[in-house]
Amino acid sequence: MSAPTTNDGISGYAHLWQDSPHAPRWVLWDTVDDVLVFDRDINCPFHIDDEAVRGEVLRRMRAAGVPESAEYPGRPCSQ
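What you are looking at is a predicted structure, and each value in this text was computed from that prediction instead of being measured. (Residues numbered from 1 in each chain as written. Predicted model: local features only at pLDDT ≥ 70, side-chain atom pairs only at ≥ 80, totals over all residues. Heavy atoms only, no water.)

1. A short note on the overall build of the chain
Here comes step 1: Looking only at helices and strands, the chain features 1 helix and 4 strands.
Here comes step 2: In the chain, once contacts between residues fewer than 6 apart in sequence are set aside, the share between residues at least 24 apart is 61%.
Here comes step 3: Carbon and sulfur atoms make up 52% of the accessible area of the chain, which totals about 5,500 Å². (Helix = DSSP H or I, 4+ residues; strand = E, 2+ residues; numbered from the N terminus. Contact = heavy atoms within 4.5 Å. Areas by Shrake-Rupley, 256 points an atom, 1.4 Å probe, with all protein chains shown as cover.)

Following this line, the structure appears as structure tokens:
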């Protein structure tokens, strides 16, 4: 498998695995059925619609040390 190029859709997600001096905005939420990229600022999952790109994004996020947990990573939802 060759290294991804900037034209394959990956570069548009690079902000998801960049370092931040603050508490992590992006976390990986390991649900029962799936692993989701979770945006803590807007308190919901970040949708990635291409499965091949999604797998590469998750790989890069894990390699960068993005926190991963089975616990709900956001704020309590309002009722």
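What follows continues from the structure just given.
2. Some remarks on the pairing of strand β1 (residues 26–30)
Here comes step 1: Within β1, 4 of the 5 residues are buried, which leaves the element mostly enclosed by the surrounding structure.
Here comes step 2: Linking two consecutive strands that pair antiparallel, namely β1 and strand β2 (residues 35–39), is a turn of 4 residues.
Here comes step 3: Relative to strand β4 (residues 68–69), β1 is paired through 2 bridges, and the arrangement is parallel. What sits directly across from L28, in β4, is E68. (Buried < 20%, exposed > 50% of the residue type's maximum accessible area, 1.4 Å probe, protein only. Pairing = 2+ DSSP bridges.)

3. Some details on the packing of aromatic side chains
Here comes step 1: All told, the structure shown has 5 aromatic pairs when counted by the stated rule.
Here comes step 2: Relative to F46, the ring of Y13 has its centre 6.1 Å away and its plane inclined at 85 degrees; by these criteria the two rings are edge-to-face. A residue pair is termed long-range when its members are at least 10 positions apart, and Y13 in the segment before β1 and F46 in the loop between β3 (44–45) and α1 (51–63) qualify at 33 residues.
Here comes step 3: In this structure Y13 comes out as buried when scored by relative accessible area, which is 16%.
Here comes step 4: Given a relative accessible area of 27%, F46 falls into the partly exposed group.
Here comes step 5: Aromatic side chains F38 and Y72 sit 5.4 Å apart centroid to centroid with 75 degrees between the ring planes, which places their arrangement in the edge-to-face category. Of the two residues, F38 is situated in strand β2 and Y72 in the segment after β4; the sequence distance between them amounts to 34 residues.
Here comes step 6: Note on Y72: relative accessible area 35%, which makes it partly exposed.
Here comes step 7: These aromatic residues form a ring-pair network of at least three members: Y13, W26 and F46. (Phe/Tyr/Trp six-rings, centres within 6.5 Å; stacked < 30°, edge-to-face > 60°.)

4. Some thoughts on the sheet that holds β2
Here comes step 1: Reading across from one edge, β3-β2-β1-β4 is the order of the 4 strands in this open sheet, with mixed pairing throughout. Whereas interior strands pair on both sides, the edge strands pair on one side only; in this sheet they are β3 and β4.

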